[in-house]
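Okay, here's what each chain looks like letter by letter:
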Amino acid sequence: MAQDRYKTGEKAPESGTYKVDTLVSGGNASQDNTEIEINEGDQFPPSPGENEAAHWVKA
């Protein structure tokens, strides 16, 4: 089963801990292991390590 991915700027469907899966640009996100706490309805931020748009997955 594929994990749901959420893009920078989208609203979180539920509160929880999320981590960067990939960068939208296709760049390498392997060095960005940051996990964030986000509340339902909050927008996903850019990747903390790269400051680029990212795809987020629930950790």
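Placed above this text is the structure.
Summarised in this report is the structure supplied together with it. (Residues numbered from 1 in each chain as written. Predicted model: local features only at pLDDT ≥ 70, side-chain atom pairs only at ≥ 80, totals over all residues. Heavy atoms only, no water.)

## Here's the deal with the nonpolar core
Turning to step 1, where the next piece is worked out: Tyr-6, Ala-12, Tyr-18, Val-20, Leu-23, Ile-36, Ile-38, Phe-44, Ala-54 and Trp-56 form the largest nonpolar core, which has 10 residues in total.
Turning to step 2, where the next piece is worked out: Listed by contribution, the elements that provide at least two residues to this core are strand S2 (16–23), strand S3 (35–38) and strand S4 (54–58).
Turning to step 3, where the next piece is worked out: With three residues, S2 is the single largest residue contributor to this core. (Core = buried A, V, L, I, M, F, W, Y, C linked by side-chain atoms within 4.5 Å. Buried < 20%, exposed > 50% of the residue type's maximum accessible area, 1.4 Å probe, protein only. Helix = DSSP H or I, 4+ residues; strand = E, 2+ residues; numbered from the N terminus.)

## A look at the pattern of salt bridges
Turning to step 1, where the next piece is worked out: Applying the stated criterion across every chain yields a total of two salt bridges.
Turning to step 2, where the next piece is worked out: A salt bridge links Asp-21 to Arg-5; the shortest N-O distance between them is 3.3 Å. Separated by 16 residues along the polypeptide, Asp-21 in strand S2 and Arg-5 in strand S1 (residues 5–7) bring together distant segments of the chain.
Turning to step 3, where the next piece is worked out: Owing to a relative accessible area of 35%, Asp-21 belongs among the partly exposed residues under this scheme.
Turning to step 4, where the next piece is worked out: Note that Lys-58 is salt-bridged to Glu-14, the shortest N-O span being 3.0 Å. (Salt bridge = Lys/Arg side-chain N within 4 Å of Asp/Glu carboxyl O.)

## Side note on the environment of Gly-41
Turning to step 1, where the next piece is worked out: Turning to its location among the elements, Gly-41 is positioned in the loop between S3 and S4.
Turning to step 2, where the next piece is worked out: Counting along the chain gives 28 residues from Gly-41 to Pro-13, while the straight-line C-alpha distance between them is 6.4 Å.
Turning to step 3, where the next piece is worked out: Residues within four places of Gly-41 in sequence aside, it is in contact with Lys-11 and Ala-12. (Contact = heavy atoms within 4.5 Å.)

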